[in-house]
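The chain contents come next:
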Amino acid sequence: MNQVTHLVGLTQAELTALVEELGEPAYRGRQIFAALHARRLRSFDEMTDLPKEFRARLSESSSASTLTVEARYISEDGTRRYLMKTHDNLPVETVFIPEERRDTICFSSQSGCPLQCSFCLTAKLGLLRTLTAGEMVEQIIIALNDAYGVGAKTPHGTNLVAMGAGEPFLAFEPLMKALKVMSDLKGLHIVPNRVTVSTAGIVPRIRELATVEDRPHLAISLAAPTDELRNELMPINRKWPLNELLAACKEFERSLKPSERFTFEYVMLDGVNDREEHARQLANLLNRHGLRVKVNLIPHNPADPLPYHPSPPERVESFKRILESKGINAFVRRPRGRDIYAACGQLAARRPANPQGSALHQLA
Ligand code: SAH
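Residues numbered from 1 in each chain as written. Predicted model: local features only at pLDDT ≥ 70, side-chain atom pairs only at ≥ 80, totals over all residues. Heavy atoms only, no water.

Undergrad: Tell me what's going on with helix H3 (residues 52–61), and back it up with residues and numbers.
TA: Looking at H3, one finds that the buried residues are Phe54, Arg55 and Leu58. The buried side chains of H3 occupy one side of the element, clustering within an arc of 100° when seen end-on. Of the exposed residues in H3, those oriented more than 90 degrees away from the buried face are Lys52 and Glu60. Buried residues along H3 sit in contact with helix H1 (12–21), helix H2 (26–37) and strand E2 (62–63). (Buried < 20%, exposed > 50% of the residue type's maximum accessible area, 1.4 Å probe, protein only. Helix = DSSP H or I, 4+ residues; strand = E, 2+ residues; numbered from the N terminus. Arc of directions from axis to C-beta. Contact = heavy atoms within 4.5 Å.)

What follows is the structure in structure tokens.
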């Protein structure tokens, strides 16, 4: 890291302390916080309500933005993928998913990912580095500005999902800090209740999240109903096998209100984990642990060189019916942004030819 403080990752209180250290009154901190998070400005030059001399001094030791947008891809279904780079030249990807009721932004917690899930393209990058809180928040600012206009109100609020590149629970500290910064009423005002964090199953952090008061929703990526198959698809299972994972899930469930649910995600791989037998094993496993969960079935998003294909729709439907017949709520997720490498498991800094890259001057 360089010595420059990225102000986007600071809470309002931290920002106030920082300006006071520079000999400025506390209200300047609140002013900068509003400029960054409510007006969503990305350079000190635009903050013309701050004295010019102070802006110059600020930029000596701090920065209002560190990510640069390199390309924007727009899918046939309206999904947008932003390919950005960090100050140290690493790829960061964010996806904006327009939806009927409320739009969703999917952000990344790491550049690349250290987990070697065999069905995921991001795994091919390996871990480049964990992102900072500021880099997580800045992704949201960039996507909101592009979707709605700089500083413009979001029509129905936004949902966030930490389901981009990386394993959010290996970025636990910066992630929780980012959520805190984003929840501020004077800033983005995206509260944890609007956020879902997906994990491949980092057991100690699931237990830790159970103790956090203002916390996001939880999703767990399962992909297989037995240790034998899960070891193969998600090597993290060798460290925390299904029994340990589901025991932690049960503990998490006990911390929920009676009306709250958490989610399991199950990627459907043709001929690998989608047989009727797998559906029965999955239902039995969840019922044995007494979990009142829902299961999202995600047809695999293919990408070269991943050796899998999505399960055909009829097989996904029959898998769903078996789960339901055993009392498990199951939903089939519609893939979004597959044509631009924006769907689940497709973020790997791919650069397909796409004319939308030409609109970049509005973004950078
Ligand atoms: N590391 C976290 C979050 C990122 S992945 C996790 O594993 O949960 C988000 C979801 O996409 C996970 O449920 C993952 O299993 C799923 N996924 C990964 N690759 C996929 C692919 N090629 N097609 C469909 N879903 C995929």
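Undergrad: Would you mind going over the sheet that holds strand E5 (residues 91–97) in detail, with residue names and values included?
TA: The ten strands lie next to each other as E3-E4-E5-E6-E9-E10-E11-E12-E13-E14, forming an open sheet whose pairing is mixed. The sheet is open, and its two edges are formed by strand E3 (68–74) and strand E14 (329–332), each paired on a single side. The mean inter-strand angle of the sheet, taken between neighbouring strand axes irrespective of direction, is 20°. Pairing analysis gives four bridges linking strand E6 (residues 103–106) to strand E9 (residues 158–162), with the strands arranged parallel. By the bridge assignment for E9, Asp103 is matched with Thr158. (Pairing = 2+ DSSP bridges. Axes fitted to C-alpha atoms, helices over the stretch in contact; angles between N-to-C directions.)

Undergrad: Tell me about the packing of helix H10 (residues 276–288) against helix H11 (residues 313–325), residues and numbers included.
TA: One can describe the packing of H10 onto H11 by two numbers: an axis separation of 9 Å at closest approach and a directional angle of 30°. Judged by the inter-axis angle, H10 sits roughly parallel to H11. You can see that H10 and H11 cross each other, and the crossing is right-handed. Within the contact between the two elements, H10 uses Glu276, His278, Ala279, Arg280, Leu282 and Ala283 and H11 uses Phe319, Ile322 and Leu323. A class-by-class count of the residues in the contact of H10 with H11 yields six nonpolar, one polar and two charged. (Parallel < 35°, antiparallel > 145°, perpendicular 65-115°, else oblique. Left-handed = near helix turned anticlockwise from the far one by under 90°. Nonpolar A, V, L, I, M, F, W, Y, C, P; charged D, E, K, R; others polar.)

Undergrad: Give a description of the nonpolar core that names residues and reports values.
TA: By size, the foremost hydrophobic cluster in this structure holds 99 residues, and its most contacted members are Phe119, Phe262 and Phe264. A per-element tally of this core places helix H4 (residues 133–148) first, with eight residues. Not counting chain neighbours up to four residues away, the residues in contact with Phe119 comprise Ala223, Leu233, Met234, Val267, Leu269, His300, Leu306 and Tyr308. Formed by ten residues, the second largest nonpolar core is a distinct cluster that contains Ala71, Leu83, Ile340 and Ala342. (Core = buried A, V, L, I, M, F, W, Y, C linked by side-chain atoms within 4.5 Å.)

Undergrad: Give a detailed account of the pattern of salt bridges, specifying residues and quantitative values.
TA: One pass over the structure, following the stated rule, counts 23 salt bridges. Glu24 is the partner of Arg57 in a salt bridge, and the nearest nitrogen-oxygen pair spans 2.8 Å. Taken as a pair, Arg57 in helix H3 and Glu24 in the loop between H1 and H2 lie far apart in primary sequence, 33 residues in all. Its relative accessible area of 25% is what places Arg57 among the partly exposed residues. Take Glu24: its relative accessible area is 15%, and that puts it in the buried class. (Salt bridge = Lys/Arg side-chain N within 4 Å of Asp/Glu carboxyl O.)

Undergrad: Account for the packing of aromatic side chains, with residues named and values stated.
TA: For the structure on display, the rule yields five aromatic pairs. Look at Phe262 and Phe264: their rings are 5.4 Å apart centre to centre, the planes differ by 65°, and that puts the pair in the edge-to-face class. Residue Phe264 is classed as buried on the basis of its relative accessible area of 0%. Seen in terms of ring centroids, Tyr266 and Phe319 are 5.1 Å apart; in terms of plane orientation they differ by 35°. Their pairing is tilted. With a gap of 53 residues between them, Tyr266 in strand E12 (residues 263–268) and Phe319 in helix H11 connect regions that are remote in the sequence. (Phe/Tyr/Trp six-rings, centres within 6.5 Å; stacked < 30°, edge-to-face > 60°.)

Undergrad: Lay out the site of the ligand with the relevant residues and their values.
TA: Taken together, 19 residues lie near the ligand, and Phe119, Gly166, Ser198, Ser221 and Asn301 sit nearest. Within the backbone of Phe119, an N or O atom sits 2.9 Å from a nitrogen atom of the ligand. Out of a free accessible area of 540 Å², the ligand has 96% covered by protein chains. With respect to the pocket detection grid, the ligand is positioned in the largest cavity. Those elements that place two or more of their residues in the shell around the ligand are strand E10 (195–199), E12 and strand E13 (294–299). In terms of residue class, the shell around the ligand is built from nine nonpolar, eight polar and two charged. (Near = heavy atom within 4 Å. Polar contact = N/O pair within 3.5 Å; in protein donor to acceptor, adjacent residues only side chain to side chain. Areas by Shrake-Rupley, 256 points an atom, 1.4 Å probe, with all protein chains shown as cover. 1 Å grid on protein atoms, 1.4 Å probe; cavity = no way out; pocket = protein on both sides within 12 Å on 5 of 7 lines; lining within 4 Å. Sits in = over half its atoms within 2 Å of the grid points.)

Undergrad: Before we move on, can you summarise the layout of surface pockets with the specific residues and values?
TA: One number sums up the size of the second largest pocket: a volume of about 330 Å³. Along the walls of the second largest pocket sit 16 residues, with Arg40, Thr154, Gly187, Leu188 and His189 positioned nearest its centre. Class assignment for the residues of the lining of the second largest pocket results in six nonpolar, seven polar and three charged. (Points joined across faces, edges and corners; volume = space filled by probe spheres on them.)

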